[in-house]
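Remarks on the overall topology
Below, each chain spelled out in residue letters.
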Amino acid sequence: MSFPSTLTEAMSPTAEPKGDLWAKLSEVDRSMKVLGVFFIVCGLLWLMLGTVFALVASIKFHNVDFLGDSEFWTWGRVRSAHLNAMIYGWAFNASFAVAPWIMARLCRTRVRFTNIFLFGGIFWNIGVAIGVYGILAGHKVGVEWLEFPAYVTPIIAIAFAFIGVWVILLFRWRQTGHVYVSQWYFLAAFFWLPWLYAMAQIMIVFEPARGVVQALTNWWFAHNVLGLWLTPIAVGAAYYLIPKVLGRPIYSYYLSVIGFWALALFYNWAGVHHLIGGPVPAWVISAGTVASVMMVIPVIVVAINHHMTVVGLHREGWASPTIRFVVFGAINYTAVSLLGSAMALRSVNEITHFTHFTVGHAHHGVYSFFTMIMFGGIYYMLPRLLKREWPSAMLISVHWWTTAVGVTLMVVVLSIGGFVQGMQLNAIDPETETAAFEFMEVMRNMIPYTVMRSMTGVLITIGHVAFFINIVWMLLQRAAKGSDSKPTLLTPGA
Amino acid sequence: MEFGGYIILGAVFAGLLFLGAAAVLWWAYRDGQFSDLETGSRTIFDDEEEPEGEQTDFFPKQNPEKPDEAPRRGE
Ligand code: HEM
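Residues numbered from 1 in each chain as written. Chains lettered and ligands numbered in written order. Predicted model: local features only at pLDDT ≥ 70, side-chain atom pairs only at ≥ 80, totals over all residues. Heavy atoms only, no water.

Turning next to the overall build of chain B. Broken down by element type, chain B carries 2 helices and 0 strands. Residue burial in chain B is summarised as follows: out of 75 residues, 36% are buried. Element-wise, carbon and sulfur atoms account for 58% of the exposed surface of chain B, whose accessible area totals about 4600 Å². (Helix = DSSP H or I, 4+ residues; strand = E, 2+ residues; numbered from the N terminus. Buried < 20%, exposed > 50% of the residue type's maximum accessible area, 1.4 Å probe, protein only. Areas by Shrake-Rupley, 256 points an atom, 1.4 Å probe, with all protein chains shown as cover.)

Structure representation (structure tokens):
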């Protein structure tokens, strides 16, 4: 087969083992360098900005007047700015860095037409920047996870389409016969989310559904971002990184394949459990509850696999920053999913819904699971792209301890606080048969917990700063002479 | 649109999603993707650069295999 030079030619499948595009891993890394560094830097900047918003939003829970005289910094805006900066800024950019890089390595192909991806990425970040500004300026749409004002969402949707198309092209260029389980996960994610996003935008903003359907669309979308984007990206990355770092294949590859297909077939149905207690027909909720409980199957598979792959290699794993972060994330995937399935039960949800418990669960998912795996992925990826070592082991340690301890404490504090909050909100005074606590009383009772949340936030912030310094330091280090021609770092003879 | 209309639309969309996934699953099966998982699980390794059985990530300068080389790694 001749080397395709135009885009149309390049779209025809080349899935033949070791064809003309076949590349050494170090060559794959080199071809991904610009893209990888671009998305890591963008993600990092959003992470830092999102952290500032997070601290402000958190402090306002116990110091209500903090920054209260500027409309830009009112709680309703900062909170949404935090969510959107973290999800569309940090989480998506980190995914765009880590997942396509792993995909390219598994496809063993030199990537081409990277401008499509870069173009999508630049517009994605412009879109998110305008969107976050729009939220702070008071233009937000009052639908959680879709707060970006309507004037930027088309940019984001189109940027996303470019990115999705490029990743699927990348898959078509593969030079390997077997499709590894991580590739399945990434394909599913990049193929589905642009559709879901466009659909949700149309149904919420451009041709708005009203009432119950709007709420259903909202949570169907928000949950699919978790289930069909963040989860497959992070689980796919873990299925690559853990065996890769340890040099030991996945314990049961067979189970991992089953786990993928279970997720692909069921997850889409689980989103409506966010509406328990809402004005929705009971059967819709019941269907969502069944699907939510079904999700236990792939979760257990992932748990067995990651645990058994690491077993006996704990000391080796501890010596690797990547393994520390990724295994922490994988353990929390299991924990957050099992807890989530329990939270879908009506009797539990009656207490936890509309409390800090949910926010604890959200951070357990997007932080302890997803974000930690992305940190691990970046620790593995950046030295290979830049052919340079991380400048400081100490900063990595600081990052690890502050974030692992910080987020765990945060989740514990919010869960206990949320449970107490839920009990107090539901409590009935037996004599008068009315609510036992006034709403404001419950709010005030939560102050110790929200203060503790802010403290854990400061701890996590220290970790983010350490991460930031390490990356900037690494980027600024001049490449050692001649390093460009060297193969992948850490290989014999490198 | 009425609520019932949306439910039908949603059901169609969810059905397409399910069928799409099922079709891909069928393709994968026909393609022999599941016939040799033992080898498949090892496609992440590479004899030349990152072979099976060798750990590939350490804290900087702490690779026990190459204690003296480590500080210069990547140079
Ligand atoms: C410095 C660490 C962080 C702190 C202190 C923090 C704090 C907060 C606060 C105060 C809220 C609003 C809670 C409420 O409405 O009651 C929130 C919500 C949220 N944050 Fe964070 N956050 C942090 C990191 C992150 C990261 C890294 C992500 C994503 C990758 C994230 C994702 C979210 C999400 C999705 C919500 C919405 C939760 C919900 O609606 O249930 N946060 N966070």
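Within chain A one finds 18 helices and 0 strands. In terms of overall dimensions, chain A has a C-alpha envelope of 80 × 45 × 45 Å along the principal axes. Split into buried and exposed, the 494 residues of chain A put 59% on the buried side. Looking at chain A alone, contacts between residues at least 24 apart form 84% of all its contacts between residues at least 6 apart. A total of about 18800 Å² of accessible surface is found on chain A, and carbon and sulfur atoms cover 70% of it. Here chain A holds 28 positive side-chain charges and 20 negative ones, and the gap between their average locations is 18 Å. (Contact = heavy atoms within 4.5 Å. Lys, Arg positive; Asp, Glu negative; His and termini not counted. Charge placed at Lys NZ, Arg CZ, Asp CG, Glu CD.)

Here the focus is the environment of B:Glu52. Relative to the elements of secondary structure, B:Glu52 occurs in the segment after α2 (37–40). Judged by its relative accessible area of 37%, B:Glu52 falls in the partly exposed class. Those residues within four positions of B:Glu52 in sequence are excluded, and the remaining contacts are A:Gly247, A:Pro249, B:Arg42 and B:Phe45.

The next thing to look at is the site of the ligand. Residue and element names in this part refer to chain A. The ligand sits among 24 residues. The nearest are Arg79, His82, Glu144, His363 and Tyr367. Measuring from a nitrogen atom of the ligand, one finds a side-chain N or O atom of His82 at 2.8 Å. Glu144 places a side-chain nitrogen or oxygen 2.4 Å from an oxygen atom of the ligand. Mapped by element, the contributors of at least two residues to the shell around the ligand are α3 (33–59), α4 (75–107), α15 (356–386) and α18 (447–476). (Near = heavy atom within 4 Å. Polar contact = N/O pair within 3.5 Å; in protein donor to acceptor, adjacent residues only side chain to side chain.)

Below, the discussion takes up the coordination of the iron atom of the ligand. All names here are of chain A. With distances of 2.0 Å, the protein atoms coordinating the iron atom of the ligand are His82 (NE2) and His363 (NE2). Of the residues examined, His82 reaches a relative accessible area of 17% and is grouped as buried. You can call His363 buried: its relative accessible area is 19%. (Donors = N, O, S within 2.8 Å, 3.2 Å for Na, K, Ca; no water.)

Now for the interface of chain A and chain B. Listed by partner, the interface residues are 67 residues for chain A and 42 residues for chain B. Here chain A packs against chain B, burying approximately 4900 Å² in sum over the two surfaces, 65% of which is carbon and sulfur. The shortest N-O distance in the salt bridge between B:Glu50 and A:Arg105 comes to 3.0 Å. Inspection of the chain A/chain B interface yields 18 residue pairs in polar contact (both at pLDDT 80 or more). In terms of residue count, helix α8 (residues 211–246) of chain A provides more of the side of chain A that touches chain B than any other element does, 9 residues in total. Split into classes, the residues belonging to the side of chain A that touches chain B amount to 43 nonpolar, 12 polar and 12 charged. (Buried area = accessible area lost by both parts, 1.4 Å probe. Salt bridge = Lys/Arg side-chain N within 4 Å of Asp/Glu carboxyl O. Nonpolar A, V, L, I, M, F, W, Y, C, P; charged D, E, K, R; others polar.)

Before going further, it helps to spend a moment on the side chain of A:Ser320. Within the secondary structure, A:Ser320 is located in the loop between α12 (314–318) and α13 (321–343). Within the structure, the side chain of A:Ser320 is placed 3.0 Å from the backbone nitrogen of A:Ile323, a separation counted as a polar contact. Leave out the neighbours within four places in its chain, and A:Ser320 touches A:Val245, B:Gln55, B:Asp57, B:Phe58 and B:Phe59.

All names here are of chain A. Trp90, Phe92, Phe96, Trp166 and Trp229 are the most contacted members of the largest nonpolar core, which has 148 residues in total. At 21 residues, the largest contribution of residues to this core is made by α4. Not counting residues up to four positions away in its chain, the partners in contact with Trp90 are Gly43, Leu44, Trp46, Leu47, Ala85, Thr371, Met374, Phe375 and Ile378. (Core = buried A, V, L, I, M, F, W, Y, C linked by side-chain atoms within 4.5 Å.)

To characterise two packed helices, one gives the angle between the axes of the helices and the distance between these axes. Residue and element names in this part refer to chain A. The N-to-C vectors of α8 and α13 enclose an angle of 135°; their axes lie 10 Å apart at closest approach. Judged by the inter-axis angle, α8 sits oblique to α13. When you trace α8 past α13, the crossing you get is left-handed. Across the interface between the two elements, Thr231, Val235, Ala238, Leu241, Ile242, Val245 and Leu246 from α8 touch Thr322, Ile323, Val326, Val327, Ala330 and Tyr333 from α13. Tallied by class, the residues present in the contact of α8 with α13 amount to 11 nonpolar, 2 polar and no charged. (Axes fitted to C-alpha atoms, helices over the stretch in contact; angles between N-to-C directions. Parallel < 35°, antiparallel > 145°, perpendicular 65-115°, else oblique. Left-handed = near helix turned anticlockwise from the far one by under 90°.)

On to the confidence of the model for chain B, then. Residues and elements named next belong to chain B. In the predicted model, chain B carries a mean pLDDT of 76, and the fraction of residues at 70 or more is 79%. Note on residues 68–75: pLDDT is under 50 here. Beyond four places in sequence and across chains, it has 16 contacts. As a predicted assembly, this complex carries a pTM of 0.90 together with an ipTM value of 0.83. (pLDDT = per-residue confidence, 0-100.)

A word on the packing of aromatic side chains. Residues and elements named next belong to chain A. Counted by the stated rule, this structure contains 51 aromatic pairs over all chains. With 6.0 Å between their ring centres and 65° between their planes, Phe96 and Phe160 make a pair best called edge-to-face. One end of the pair, Phe96, is in helix α4; the other, Phe160, is in helix α6 (residues 153–172), with 64 residues separating them in the sequence. Relative to Phe369, the ring of Tyr333 has its centre 4.7 Å away and its plane inclined at 35°; by these criteria the two rings are tilted. Within this pair, whereas Tyr333 is found in helix α13, its partner Phe369 is found in helix α15, the two being separated by 36 residues in sequence. On the basis of relative accessible area, Phe369 is assigned to the buried category, the value being 4%. The side chain of Arg384 reaches across the aromatic face of Tyr380, ending 3.8 Å from its centre. The aromatic ring of Phe61 is capped on one face by Arg453, whose charged end is 4.6 Å from the ring centroid. (Phe/Tyr/Trp six-rings, centres within 6.5 Å; stacked < 30°, edge-to-face > 60°. Lys NZ or Arg CZ within 6 Å of the ring centre and 35° of its normal.)

This part is about the pattern of salt bridges. In this structure the tally under the stated criterion is 9 salt bridges over all chains. Between A:Arg108 and B:Asp46 there is a salt bridge, with the nearest N and O atoms lying 3.2 Å from each other. Of the two residues, A:Arg108 sits in the loop between α4 and α5 (114–136) while B:Asp46 sits in the segment after α2, which places them in two different chains. The class of B:Asp46 is buried, set by a relative accessible area of 9%. We note a salt bridge from B:Arg42 to B:Glu52, for which the minimum N-O separation is 2.9 Å. A residue pair is termed long-range when its members are at least 10 positions apart, and B:Arg42 in the segment after α2 and B:Glu52 in the segment after α2 qualify at 10 residues. Look at the salt bridges and you will find they share partners, linking A:Asp29, A:Arg105, A:Lys244, A:Arg384 and B:Glu50 into a network.

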